[in-house]
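Residue-level listing of the chains:
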Amino acid sequence: MSECIAISVRSLVEYVYRSGDIESGFRTSAALTEGTKIHQNIQKQYSEHDEKEVYLSAEIMYNELRFVIDGRCDGILATEDGWTIDEIKSTSISLDVMTRQRHPVHWAQAKCYAYMVAIAREASRMRVQLTYVHTATEEQKRFVEEWTIEELELFMREMVGGYYPYAKLRTEHERERDRSMKELPFPFDNYREGQRKLAGAVYQSIADGHKLFARAPTGIGKTISTLFPSMKAIGEGLLKRVFYLTARTITRTAAEEALALMRFKGLHMHAVTITAKEKACLQDEMICSKEHCPYADGYYDRVNGAMLDMLSNEGLMNRKVIERYAIKHSVCPFEFSLDAAYASDVIIGDYNYIFDPRVSLKRLFEEGKRQSALLIDEAHNLVDRAREMYSSMLRKSDFLLLQRAYKGVHPALHASAKAVNDYFIALRKRQGQSRENVVKELPQPLVELLDVFLAGAEQELIASRGGQSGNSQLLDTYYAATSFVRIAKLYDERYVTYTEVAQNEVEMKLYCLDPSHQLQQMGKGYRSHIFFSATLSPISYYMDVLGGDGEGDYSVSVPSPFSQEQLQVFVKPQSTRYQDRDRSIEPIAALIHEFASKRPGNYLVFFPSYEYMNRVYEMFLQQDQQLSTIVQHAHMSEEERESFLAAFQADRNGTFVGFAVMGGIFSEGIDLVGDRLNGVVIVGVGLPQLGLERNIMKDYYNGQGKNGYDYAYVLPGMNKVLQAGGRLIRSEHDQGRLLLIDDRYLQPQYNRLLPQEWKDYTIL
């Protein structure tokens, strides 16, 4: 019995022609949102005998594989001479430069549909019509070709033949993958306490197609407890793909290590880690054009061979592996990793590849969402990340620069940039002496001005592509304006528009107060969402702000597997409120010194801000310059981060104190096991700095009948505290002391948020 390969026309054409998206150069950015409307406008002109949005499919045998190809055709036009396939493409490119031969990929897509119709309706000949529509002018241009059924059949066999080597590799891989996953044992001799409970909850959530919100303490092994049952779900046919989403590089590494451990135990699978473009780039300067980058020039001619090579020889395709094959085959490593994601069973990457509307990776898997699960690590970080994903800001100064740059050079672009700049000038005048202004209405006149600006900017960027790179300012502003227009389409009662004026600068932000609805929409269609974190507490809050669906969601809270004797907790009721900080510097420095000196070892001290940390650190040095110390600073390079962590040595005889900030790179996701960390001091309750955005958020949630201050300040702040404290006990052998400095830890509003294992504290 032949094995069946199901593939869409779109995916088949994309693979064989490798032009990226088959709309490459078409319906880009702002014009993308007009595509559906343009299609509908053309289809309204059809006669009553014509058909639109027609689902088509066909089967083709090729060697031992049976290919089932399907897709949706824009239009089938009925004429006296037979049928005509109408393929509609919207574009911002001038139709004057559009020729019959310019985009063979579009003909290929339409010819697939023509073949399907010819087979289904027993037609001996088929006509194909490409209809190009300009997004700004709605001007139309058409090209028509005609082919016999024999020519179309030969074309389809060539298409399937081009896809066959990859399909054969994937078929053999999936057979071996499913067998290995069914037989895969848990990669450790025993489950840690609570691990089996978490793994069982993950598997059941995937099986039932629900969301799971899991609070599991640090050190329990959350990564393996979520990935292992997910691999089992793939082996049982419940899933085909798993996305492991993170906010930090270090948690991506943990996922890679867990998969490597399972591969050692017999797991056969393909996993790819997607690294941000600026980090993956092999060039000194990141200019993504074939004129400037040898890895971009001819990329699509080489990528299929590169992919078959890598998939045939590798299972775990991390950054180093991707880079090695990218250099070997001279392909862009970032684009290569995205293409590898098509073929992978596990994709490890940032949250934004699924949830950010500015990132298109999610579109690659539209067909397979129902067979994909999202594992969302350190899910507490997604709340503020999502607010930024669904918000957008513009600056007046960017448009003033473009207004000046294109004066006398590009009249239309000059005029559109000037119109936006004039809008901001008028807004500044209306605002008068007020530095800040908050309204609930979308600035629709600005959005309309931006639409005009984007049309002109897009034309200029297309025209100058390949020339000298003199328009980086235009490109940056174009992306910012595109984001603003896109977010404007999401604007609802969960948004506000706020404007800040500082001298001649005006900044306007469409600010998403409540990201829960957008997270629901962007995550819609996936079989299951697994949100997990050591600090997903209170779970009801995170179920609310992360887009829980209500009664259909699951939740689980796993108790700490570590004994009470491993951790000593102390509370010092010293005020660290902003108005008391000057008075607190000296006593806190003395308290840290006493705490760390009493028992030699390695200590980490966390502060709510750099400014507060630096002041206490200076006082600490005045009290004792003999103790070894290290201090976090803003914008540390990867090498500096590694040096900071490497300084915590297990065999240290004396005392070593590291100073860091809560919510920063060293307060979560790091493992300093055993004597590499003996104590943690947390100064303050982690509250975000008082500011306009947080106060707007507070008012919004108060209006929703919730405790706005808790939602905007207390809960995010205490999450930072719990994350920082979680650095201390990482295994069943660790022991340590935790000191909480702030009188608010004794108040019910904050005390109730402390984990149970911290509740047996001593007041100093």
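Residues numbered from 1 in each chain as written. Predicted model: local features only at pLDDT ≥ 70, side-chain atom pairs only at ≥ 80, totals over all residues. Heavy atoms only, no water.

Attention shifts here to the sheet that holds strand β22 (residues 656-661). Spatial strand order, β21-β22-β20-β23-β24-β19-β25: seven strands in an open sheet with parallel pairing. Two strands close off the open sheet at either side, each with one partner strand: β21 (628-631) and β25 (761-763). Here the strands of the sheet are splayed against their neighbours by 20° on average, with no regard to which way each runs. The pairing of β21 with β22 spans four bridges and is classified as parallel. The residue of β22 that forms the bridge with T629 is V657. Contacts from helix α26 (residues 708-725) reach β20 (602-607), β23 (679-683) and β24 (736-741) within the one sheet, and its direction differs from that of β23 by about 165°. (Pairing = 2+ DSSP bridges. Helix = DSSP H or I, 4+ residues; strand = E, 2+ residues; numbered from the N terminus. Axes fitted to C-alpha atoms, helices over the stretch in contact; angles between N-to-C directions. Contact = heavy atoms within 4.5 Å.)

With that settled, the discussion passes to helix α7 (residues 222-235). Helix length check: α7 (14 residues) gives 20 Å between terminal C-alpha atoms against 20 Å at 1.5 Å per residue, within 8%. A large share of α7 lies buried, amounting to 14 of its 14 residues. Following α7 by one or two positions, G237 adopts a phi angle in the positive range, close to 85°. (Expected span 1.5 Å × (residues − 1). Buried < 20%, exposed > 50% of the residue type's maximum accessible area, 1.4 Å probe, protein only.)

A few words now on the environment of S597. Structurally, S597 can be placed in helix α22 (residues 581-598). When the C-alpha atoms of S597 and F243 are compared, they prove to be 45 Å apart, with 354 residues separating the residues in sequence. If near-sequence neighbours (up to four positions away) are discounted, S597 is found in contact with L627 and T655. Here the side chain of S597 touches H593 through a polar contact of 2.7 Å, landing on its backbone oxygen. (Polar contact = N/O pair within 3.5 Å; in protein donor to acceptor, adjacent residues only side chain to side chain.)

Mapped onto the secondary structure, Q632 falls in the loop between β21 and α24 (638-646). Exposure remark for Q632: the relative accessible area of 3% places this residue in the buried category. One polar contact links the side chain of Q632 to the main-chain amide nitrogen of V661, over a distance of 3.1 Å. Filtering out sequence-adjacent residues up to four positions away, Q632 remains in contact with Y610, M613, F644, F659, A660, V661, G664, I665 and F666.

The next point concerns the pattern of salt bridges. The full count for this structure, using the stated rule, is 40 salt bridges. Of the charged contacts, one joins E507 and R395 as a salt bridge, the two residues approaching to 3.1 Å between their closest N and O atoms. Linking E507 in strand β16 (residues 505-512) with R395 in strand β13 (residues 392-395), this pair joins segments that are 112 residues apart in sequence. Residues D492 and R494 are paired through a salt bridge, measuring 2.4 Å at the closest nitrogen-oxygen approach. Across the pair, exposure class does not vary: D492 and R494 are buried alike. (Salt bridge = Lys/Arg side-chain N within 4 Å of Asp/Glu carboxyl O.)

We now examine the packing of aromatic side chains. All told, the structure shown has 33 aromatic pairs when counted by the stated rule. Feature note: the residues Y541, Y542, Y700, Y701 and Y711 constitute an aromatic cluster, connected by ring pairs. Sitting above the plane of the F155 ring, K111 keeps its charged end 4.2 Å from the centroid. The ring of W83 carries R121 above its face, with NZ or CZ at 4.5 Å from the centroid. (Phe/Tyr/Trp six-rings, centres within 6.5 Å; stacked < 30°, edge-to-face > 60°. Lys NZ or Arg CZ within 6 Å of the ring centre and 35° of its normal.)

Where helix α18 (residues 444-464) meets helix α19 (residues 472-488), the axes come as close as 9 Å, and the angle between the chain directions of the two elements is 140°. In terms of axis orientation, α18 runs oblique to α19. The two elements α18 and α19 cross, and the hand of that crossing is left-handed. On α19, the residues that touch L446, V447, L450, D451, F453, L454, A457, E458, E460 and L461 of α18 are L474, L475, T477, Y478, A481, T482, F484, V485 and A488. Of the residues that constitute the contact of α18 with α19, the class distribution is 14 nonpolar, two polar and three charged. (Parallel < 35°, antiparallel > 145°, perpendicular 65-115°, else oblique. Left-handed = near helix turned anticlockwise from the far one by under 90°. Nonpolar A, V, L, I, M, F, W, Y, C, P; charged D, E, K, R; others polar.)

Next up on the list: the pairing of strand β4 (residues 82-91). Of all ten residues that make up β4, eight are buried, and the element is covered over most of its length. One ladder, built from five bridges, connects strand β3 (residues 65-79) with β4; its direction is antiparallel. Within β4, the position partnered with I76 by the bridge is I85. Hairpin remark: β3 followed by β4, antiparallel, with two residues in the connecting loop.

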